[in-house]
Amino acid sequence: MADIDLPKLKKVIDEDYRALEVYRVNLFEHLKEFAGSNYADVEVENPVNLLALYVRIMVDALVGNDPRMMVSTFKREFRPFVKPLEEAGNRKLLKMKFADVLKCATIDAIFLMGCVHISLKAPAAARFGGYEEPGEISMANILLENVVFDTRADRFSQCDYICHYYDVFYEDVKKSKLFDSKARKAVIPRDEKRLNDSGGERLGEIGRGGAPAHEQYEEKVRLAECWLRRENRVVTFDADGNYDRVLLDQSFVGPKCGPYKFHSLGDIPGNLIPKGPILDAINLHRSHNLLWKKIDNQASR
């Protein structure tokens, strides 16, 4: 396999990440209004939270029950295997927590878009994946602030690359034989930050109530996993470091669309980023609260 030009890849990723900042800023403000003034230290004066009501109704309508697998066949010789296959598939969905992943992706899509990373855990990588075991299918929701892609494409199937960030234990990376020996020695622990790489506030700051960043009990390192469509490769590297060597370079085995699935509830022709229903509902939410506050002021006189 040809070597990856990691400095060039990082430069392109940084440019695309900055291009997505306007969507992250809008999402941050919309989530604050969704959370409401009674959540943490959110300063929003909206007595009637129509956004929370709207999201609750939409989620119940779209993901009201846990997804279930149904298997059928027209071939008589296969019928004895239908029921066991169906039961095994449903047990697998429960173990994968597929319902929770789908619910989170739907909520993300209501606000803008949902992103799910799907992979098969290798034995050496399973220790970084929490509860997953080697050989198990792994599905994980990815927040908008942790995903970046080729913003010059018209659709996700045409993106030159799709990348996401995630945190793992620093000591595990340093000791892991899964990664390149020279690259893993150069990784640096990440600092707890209130701001993302473009200077915007991170979504988790909504619930922290403006508390300052503090020291973590375990040191973490921020890794970037990037799927390259043309080469059909997945490269992993230290997102915060300056070392020009990837930690892991491997061929991707899976569908041609790659390991990422994007969920949207309103596409705009010719544009990569979809439009979430909240982008329209929030104007009604704000207008209703403006009138409500005026009526409330009149009644209190």
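Residues numbered from 1 in each chain as written. Predicted model: local features only at pLDDT ≥ 70, side-chain atom pairs only at ≥ 80, totals over all residues. Heavy atoms only, no water.

Any chance you could explain the nonpolar core here in plain terms?
If you look at soluble globular proteins, the nonpolar side chains tend to sit buried side by side. Among the nonpolar cores identified, the biggest contains 47 residues, and Leu 9, Ile 13, Val 148, Phe 149, Cys 226 and Phe 237 are the most heavily contacted of them. In this view, Leu 9 contacts Ile 4, Cys 226, Leu 228, Val 235 and Phe 237; residues no more than four positions away in its chain are not counted. Counting 10 residues, the second largest nonpolar core, distinct from the first, contains Tyr 170, Val 173, Phe 179 and Leu 223. (Core = buried A, V, L, I, M, F, W, Y, C linked by side-chain atoms within 4.5 Å. Buried < 20%, exposed > 50% of the residue type's maximum accessible area, 1.4 Å probe, protein only. Contact = heavy atoms within 4.5 Å.)

Help me understand helix 4 (residues 82-96) in this model?
Spacing of three or four residues puts side chains on the same side of an α-helix, whose turn is 3.6 residues. Look at helix 4: 21 Å from first C-alpha to last across 15 residues, which is about the 21 Å you get at 1.5 Å a residue. Those residues of helix 4 that fall on the buried side of the exposure criterion are Val 82, Glu 86, Gly 89, Asn 90, Leu 93 and Met 96. When helix 4 is viewed along its axis, its buried side chains cluster within an angular range of 125 degrees and face the same direction. For helix 4, the exposed residues set more than 90 degrees away from the buried face come down to Arg 91 and Leu 94. Structurally, helix 4 contributes buried residues whose contacts are with helix 5 (98-111) and strand 2 (137-141). (Helix = DSSP H or I, 4+ residues; strand = E, 2+ residues; numbered from the N terminus. Expected span 1.5 Å × (residues − 1). Arc of directions from axis to C-beta.)

Mind showing me how you'd approach the sheet that holds strand 3 (residues 147-149) here?
Pairing between the strands of a sheet comes from backbone hydrogen bonds, and it takes one of two forms, parallel or antiparallel. Sheet architecture is open: five strands sit in the order 3-4-5-6-7, paired in antiparallel fashion. A single partner strand is all that each edge strand has here, and the edge strands are strand 3 and strand 7 (248-251). Direction aside, the axes of adjacent strands within the sheet are offset by 20 degrees on average. Here six bridges tie strand 5 (residues 220-228) to strand 6 (residues 233-238), and the two strands are oriented antiparallel to one another. Counted as the bridge partner of Trp 227 is Val 234 from strand 6. (Pairing = 2+ DSSP bridges. Axes fitted to C-alpha atoms, helices over the stretch in contact; angles between N-to-C directions.)

Can you help me understand the packing of helix 2 (residues 21-35) against helix 3 (residues 50-62) in this one?
Helices that pack against each other are described as a pair by the angle of their axes relative to one another and the distance between those axes. In the contact formed by helix 2 and helix 3, the axes pass within 7 Å of each other and the chain directions differ by 90 degrees. In terms of orientation, helix 2 lies roughly perpendicular with respect to helix 3. Of the residues in helix 3, those touching helix 2 at His 30, Glu 33 and Phe 34 are Leu 51, Ala 52 and Val 55. (Parallel < 35°, antiparallel > 145°, perpendicular 65-115°, else oblique.)

Honestly, a negative patch on the surface in this entry has me stumped. Any pointers?
Taken together, the side chains of Glu 171, Glu 215, Glu 218 and Glu 219 define an acidic patch exposed on the protein surface. Mapped onto the elements of the fold, Glu 171 is located in helix 6 (residues 170-175). Overall, Glu 171 belongs to the partly exposed group, its relative accessible area being 41%. (Patch = residues over 30% accessible without salt bridge, like charges linked within 9 Å, V, L, I, M, F, W, Y side chains within 5 Å. Areas by Shrake-Rupley, 256 points an atom, 1.4 Å probe, with all protein chains shown as cover. Salt bridge = Lys/Arg side-chain N within 4 Å of Asp/Glu carboxyl O. Lys, Arg positive; Asp, Glu negative; His and termini not counted. Charge placed at Lys NZ, Arg CZ, Asp CG, Glu CD.)

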